[in-house]
Each structure stands twice: as structure tokens, then as C-alpha cells.
Amino acid sequence: MLFASQHLMKGFAASFTAPSVQFLYASYKIAGPQMQIFGGVTQLPWAMKPMIGLISDALPIRGMNKAPYILAASVLGIAACATVGTVPQGHLGIERLVACLFLMQLQFSTCDLLTEAKYAEKMQSNPQHGPALMTYVWFGLQVGGLLATAMIGP
């Protein structure tokens, strides 16, 4: 779970998709100030992390607090990413593009928060493994980001 959420998704996928957002907005002929507004809207899920955490803790689904929320956010995020990648620009208005980017960030932030919460629990129960676990998470995250940057190019 940590490999998929932290290394592949947050490290690689987020680093791979983030640079393209400004180019997407430019392809829609969006002015700079409007790009900033859309950027703020699409980044809202990162500010919503406390609310996401409270909801997942207060409303377990079938006795599970994290996995169902990670799955739901991932389904929405993957569908949004597929929509951005496959639907022609003429059929995907700017509002829908912003909604898709919002859902992608919702996936990133939800999975980030809930997996961090899970490995924090594990570190509390086995504190001697805490430093190794943090090294694993952050090393993989940085390698994923480096691979994405190398693939994107200059």
C-alpha cells in the first residue's frame, strides 16, 4: 500500500502530471489570473485533509476507516485522469477540466493522508522500525519524483 500510494502515486504520478496543468490551461486560452484561481480550486483537497481524516475516522465503512475511502478516492481520481487524457478538448469544457483536476488532487491528498495515518499507527506500535519506515517512504517518494522528472525532460 505504501509503495502504491507514496512512491507511485505521490512520487511519480503527481510529479508527472503537475507540470502539464499550466499547459492544459494555456491550451484553453485561459488568462494567467484565471489560471491562479483554477489552481487554487484544484488544490483545495490538500486543505481539506483534516476534514477527510475526521470523516474517515467518524464514519467507518464495514468497520474499516481507511481502505474504503482510499478506494473511492482512487476510483474517482483514475476516472478523472482517464477523462482528461481521452476526451477531446472540444468536448471537455474548462469547468469539467477543473473538476477532473480537483478529483485527481482529491485522490492524491486522500491516499496521502490515510496511508500516513496508517504508517503512523504502525510506528507507534513498533517504534524501533520508525526511522527505517520513514526512510523507505521518503526515499521511494523522491525516486518516483526523479523518474517522473527524467521522463518529462527539460
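For the structure itself, look to the data block above.
Residues numbered from 1 in each chain as written. Predicted model: local features only at pLDDT ≥ 70, side-chain atom pairs only at ≥ 80, totals over all residues. Heavy atoms only, no water.

1. Examining a nonpolar patch on the surface
Working step 1: Together, Phe3, Leu8 and Tyr136 line one region of the surface with nonpolar side chains, adding up to about 300 Å² of accessible area.
Working step 2: Position of Tyr136 among the secondary structure elements: in helix H8 (residues 130-152).
Working step 3: On the accessibility criterion, Tyr136 (39% relative accessible area) is partly exposed. (Patch = residues over 30% accessible without salt bridge, like charges linked within 9 Å, V, L, I, M, F, W, Y side chains within 5 Å. Areas by Shrake-Rupley, 256 points an atom, 1.4 Å probe, with all protein chains shown as cover. Salt bridge = Lys/Arg side-chain N within 4 Å of Asp/Glu carboxyl O. Helix = DSSP H or I, 4+ residues; strand = E, 2+ residues; numbered from the N terminus. Buried < 20%, exposed > 50% of the residue type's maximum accessible area, 1.4 Å probe, protein only.)

2. Considering unusual backbone geometry
Working step 1: For Lys29, which is not glycine, the phi torsion reads 60 degrees and is therefore positive.
Working step 2: Within the fold, Lys29 resides in the loop between helix H2 (20-27) and helix H3 (32-42).

3. Some words on the side chain of Thr115
Working step 1: As for its position among the elements, Thr115 is in helix H7 (residues 94-125).
Working step 2: Look at Thr115 and you get buried, because its relative accessible area is 4%.
Working step 3: Residue contacts for Thr115: discarding those within four places in its chain leaves Met1, Leu2, Ser5, Gln6 and Ile70. (Contact = heavy atoms within 4.5 Å.)

4. Describing helix H6 (residues 67-86)
The α-helix advances 3.6 residues per turn, and as a result positions three or four apart in sequence lie on the same side.
Working step 1: Along its 20 residues, H6 runs 28 Å from first to last C-alpha, staying within 8% of the 28 Å computed at 1.5 Å per residue.
Working step 2: Those residues of H6 lying buried are Pro68, Tyr69, Ile70, Ala73, Ser74, Gly77 and Ala80.
Working step 3: Tucked inside the fold, the buried residues of H6 contact helix H5 (49-58) and H7. (Expected span 1.5 Å × (residues − 1).)

5. Quick look at H8
Working step 1: Here H8 contains 23 residues, and its C-alpha end-to-end distance of 33 Å stays within 8% of the 33 Å for a straight helix at 1.5 Å per residue.
Working step 2: Restricting attention to buried positions, one finds in H8 the residues Gly130, Val137, Gly140, Leu141, Gly144, Gly145 and Ala148.

6. A closer look at the layout of surface pockets
Using a probe with the size of a water molecule, rolled over the atoms, empty space left in the structure can be pinpointed.
Working step 1: In this structure, the largest pocket occupies an estimated 290 Å³ of space.
Working step 2: Looking at the lining of the largest pocket, the elements that each hand over two or more residues are helix H1 (2-17), H2, H3, H6 and H7.
Working step 3: Counting residues per element, the lining of the largest pocket draws most heavily on H2, at 5 residues.
Working step 4: Tallied by class, residues from the lining of the largest pocket come to 11 nonpolar, 8 polar and no charged.
Working step 5: Estimated volume of the second largest pocket: approximately 210 Å³.
Working step 6: Surrounding the second largest pocket, 15 residues form its lining, Met9, Ala13, Ile78, Gln107 and Phe108 being those nearest its centre.
Working step 7: Those elements that place two or more of their residues in the lining of the second largest pocket are H1, H6 and H7. (1 Å grid on protein atoms, 1.4 Å probe; cavity = no way out; pocket = protein on both sides within 12 Å on 5 of 7 lines; lining within 4 Å. Points joined across faces, edges and corners; volume = space filled by probe spheres on them. Nonpolar A, V, L, I, M, F, W, Y, C, P; charged D, E, K, R; others polar.)

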